[in-house]
Amino acid sequence: MAEAALQLIDLHKRFGATPIIRGVKLEVTRGERHAVIGPNGAGKSTLFNLISGRFPASSGQIKLNGEDITGLPPYVINRRGLSRSFQVTNIFPRMSVFENIRCGVLWSLGYRYSFWQRVASARDASERADLILQQINLASRRDTPAGVLSYAEQRALEIGITIAGGAEVILLDEPTAGMSRSETEHAVALIRRVSEGKTLLIVEHDMSVVFNLADRISVLVYGEIIATGTPEAIRANAEVQKAYLGSAAEEASHA
Amino acid sequence: MTGGALPGAPTARAHWLLWGGGAVILAVLPLVFSSGASLTMMSLMGFAIIFALSYNMLLGQTGMLSFGHAVYYGLGGFMTAHALNVVGAGRLPVPLPVMPLVGGLAGLTFAVIFGWVSTKRAGTAFAMISLGIGELVAACSLILRGFFGGEGGISTSRTKTLAVFGLNFGPQIQMYYLIAAWCLLCVGAMYAITRTPLGRMCNAVRDNPERAEFVGYSTQMVRFLVFCLSGFFAGVAGGLAAMHYEIVTSSMVGAAPSGFVLLMTYIGGVAFFIGPIIGAVLMTALQISLSDYTGAWQLYVGVMFVLVVMYAPWGLGGLILMHQPLLAGRTLRRVAPAYALVALPVAMIAGGAIALVETAHRLLVNLTEGTAMHVLGVSFDAKSPLAWAVIVVLLVAGVWLLQRMSPRVSAAYHDALQAARAAKGS
């Protein structure tokens, strides 16, 4: 069996005495698109924050490509090849769109903390940033300050920054939240494009997006994963129906 | 507007023109302002510019508010003074022009030590730690008399070093050119740093530290590195100051210069690279010339700071640069009538306020000089009811007029801006 790209082993997170994540076990296979769904307050965003190093786990283990990354700071996890986006847009609002992407590129191309070379002469960084801009359809907004972009454009930029460093494992936290139907369709096409050949873990509320995009789905309820399987298996799973999906799955299957 | 860039994205040719022009101006200035007093003032401006720009690497570029930046400036100064004395006593073959490097390395060394502690935190915690370190070093400067020279400070002489090309740097004009050269060098270096990967990531850490962590950068390391670089340039400024004054005292590492560099930088404008240069030039000029005219000069500086914080948060540099699009779009003259109109109430308020401050200062502090006043070319008696009535009328009428006219000024500005953009678009 191929080694899992991402592996969560009996992961726990408590805030004070309140358990939020209660023994999550999950294996994300290399190259798959894996969605995490669940009702509000199930702990989906907390799970992402644990994996990406934003919060420390209370107990348990997180493995990236078989290596333990539990307790590492976010920047080290990012350098090891895991990158994430945020549910609330998290960009550099005063910088241009191009510079936002370039910030995401610099470390991965080895520029580190250099203060002895001009960033403008870092051709490979500029070229990669421009390539990403084309992928996310923001090439025409290249020199616009990111803070004045429309909401959907900022969400695309958020994804652009996330993939800019070329991470092999990508976590997207509700990438289509707050988007109109046509914007969502564009976003799904974009996600499909940029996650080609990579491992994707996505939290999403929009069931049509989830069933459209995911190879496998995990259902998180009250901090525990109650089921993992293909979209068909999840749709057919009685426990999932009972616990959460109900009408949402019906809707998606009729859509 | 991103922090590190000059407006209008200058091309390589424009860059050379800019730096070449700067060098020519620095070279020609002493021919225009040749008096001893102006040479001294321009020398002070030279190292004030370096000091303020080094401070803005922290505040404007990286969003780090330091209350103790004079530590690196002052220690750079002390180290340079001691080094000058060693070199002078031993007749070591070290020429004066390289001595600011001693200050820079001292600033760098102490920035590495103190920065390792203080840059572990950002925001308010960093500001508090910088305040604590500032107080710590200021206290040490009074205790460690051997190094800091107690109340008398450390005297030195810049003329006892190895002479190069027959220059001994005794005359102020030679010292001015040495400071000007270092100033140009440091300004160029600090500008270049804003355009490196570290410089860009400083801005990223300032704007969104969390996101910076998730693109692979340790915000703590970014803060630490820029703190060290900033300490180096502050130390160079301190070294030049020590060479200029030929004496350094414990006040150089204290809270006063730490506060003054914050004022200079902020009044000039933290969001633009040239802001601190404007602030350093202006505040040095005010500090020197105002103190000749009035004992209340610090009050004026403080009021100016408050006004800038409240009404021009982008600083004077921001006020100037917001007219650049108008200049480019050739619509600058459209704002002239409104500005001329508003000049009257501004002059009334300024005149009234100055008269109020000076009269009050005379009555409360300097009564021994008598009550006969001479302010802004007008002679009056400090206790005369008429004078006080005029002051009140000037202030009240000025404020009233300003309130009525200010909407017109901003309307005129926005019209001109729209027209400039339209002209650019067509």
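Definitions and limits used
Residues numbered from 1 in each chain as written. Chains lettered and ligands numbered in written order. Predicted model: local features only at pLDDT ≥ 70, side-chain atom pairs only at ≥ 80, totals over all residues. Pairing = 2+ DSSP bridges. Helix = DSSP H or I, 4+ residues; strand = E, 2+ residues; numbered from the N terminus. Contact = placed C-beta atoms within 7 Å. Axes fitted to C-alpha atoms, helices over the stretch in contact; angles between N-to-C directions. Expected span 1.5 Å × (residues − 1). Bend = angle between axes of the 7 residues up to and from the residue. Buried ≥ 20, exposed ≤ 12 C-beta atoms within 10 Å, placed from the backbone. Domains from an automatic or database assignment. Nonpolar A, V, L, I, M, F, W, Y, C, P; charged D, E, K, R; others polar. Left-handed = near helix turned anticlockwise from the far one by under 90°.

**Quick look at the sheet that holds strand 2 (residues 18-29) of chain A**
All names here are of chain A.
Thought 1: If you trace the four strands from one edge of the open sheet to the other, you get 2-1-4-5, paired in antiparallel fashion. The sheet is open, and its two borders are formed by strand 2 and strand 5 (67-68), each paired with just one other strand.
Thought 2: Note that strand 1 (residues 4-15) and strand 2 share nine bridges and pair antiparallel. Within strand 2, the residue paired with Gln 7 across the bridge is Glu 27.
Thought 3: Seen against the sheet, helix 1 (residues 44-51) touches strand 1, strand 2 and strand 4 (59-64) and runs at an angle of roughly 65° to strand 2.

**Notes on helix 4 (residues 100-118) of chain B**
Residues and elements named next belong to chain B.
Thought 1: Taking 1.5 Å per residue, 19 residues should reach 27 Å; helix 4 reaches 25 Å between its end C-alpha atoms and fits that length.
Thought 2: By the largest-angle criterion, Val 112 marks the main kink of helix 4, which is about 30°.
Thought 3: Along helix 4, the residues classified as buried are Pro 100, Val 102, Gly 103, Gly 104, Ala 106, Gly 107, Leu 108, Phe 110, Ala 111, Phe 114, Gly 115 and Ser 118.
Thought 4: In this fold, the buried residues of helix 4 make contact with helix 3 (70-90), helix 5 (123-143), helix 7 (172-194) and helix 10 (219-245).

**Thoughts on the domain arrangement of chain B**
Residues and elements named next belong to chain B.
Thought 1: Domain annotation of chain B identifies domain 1 (12-313) and domain 2 (324-425).
Thought 2: For domain 1 and domain 2, the distance between their C-alpha centres works out to 33 Å.
Thought 3: If you look at the interface, domain 1 gives four residues, while domain 2 gives five residues.
Thought 4: Of the residues assigned to the side of domain 1 that touches domain 2, the class counts are two nonpolar, two polar and no charged.

**Focus: the domain arrangement of chain A**
When the parts of a complex come together, some accessible area is lost, and that lost area is often used as the size of the interface.
Residue and element names in this part refer to chain A.
Thought 1: When cut into domains, chain A gives domain 1 (1-81 + 200-255) and domain 2 (84-166).
Thought 2: Just the C-alpha atoms count here: the centres of domain 1 and domain 2 sit 27 Å apart.
Thought 3: Contact with domain 1, which involves five residues of that partner, is made by four residues of domain 2.
Thought 4: Where the side of domain 1 that touches domain 2 is concerned, the elements lending two or more residues are helix 1 and helix 2 (74-79).
Thought 5: Of the residues assigned to the side of domain 1 that touches domain 2, the class counts are one nonpolar, three polar and one charged.

**Digging into the sheet that holds strand 10 (residues 224-229) of chain A**
Two strands in a sheet stick together by hydrogen bonds in their backbones, pointing the same way (parallel) or opposite ways (antiparallel).
All names here are of chain A.
Thought 1: Strand order in the open sheet made by the six strands is 6-7-8-3-9-10, with mixed pairing throughout. Only two strands of the sheet have a single neighbouring strand rather than two, namely strand 6 (82-84) and strand 10. Within the sheet, the average angular offset between the axes of one strand and its neighbour, ignoring direction, is 20°.
Thought 2: Direction of pairing for strand 3 (residues 33-37) relative to strand 8 (residues 199-203): parallel, over a ladder of four bridges. Its bridge partner lying in strand 8, Ala 35 is registered against Ile 202.

**Comments concerning the pairing of strand 3 (residues 372-375) of chain B**
All names here are of chain B.
Thought 1: Examined bridge by bridge, strand 3 and strand 4 (residues 378-381) share four bridges and lie antiparallel to one another. The residue bridging Met 373 from the neighbouring strand is Phe 380, located in strand 4.
Thought 2: The loop that links strand 3 with its antiparallel partner strand 4 comprises two residues; one of these, Leu 376, has a positive phi angle of about 50°.

**Here we look at the interface of chain A and chain B**
Thought 1: Listed per partner, the contact involves 29 residues of chain A and 25 residues of chain B.
Thought 2: For the side of chain A that touches chain B, the per-class residue count stands at 16 nonpolar, eight polar and five charged.

**Some points on the packing of helix 3 (residues 97-106) of chain A against helix 8 (residues 197-207) of chain B**
Thought 1: The contact between helix 3 of chain A and helix 8 of chain B brings their axes to 11 Å, and the two run at 115°. Crossing of helix 3 of chain A against helix 8 of chain B: the hand is left-handed. Where helix 3 of chain A approaches helix 8 of chain B, its residues A:Glu99, A:Cys103 and A:Leu106 are matched on the opposing element by B:Pro197, B:Arg200, B:Met201 and B:Ala204.

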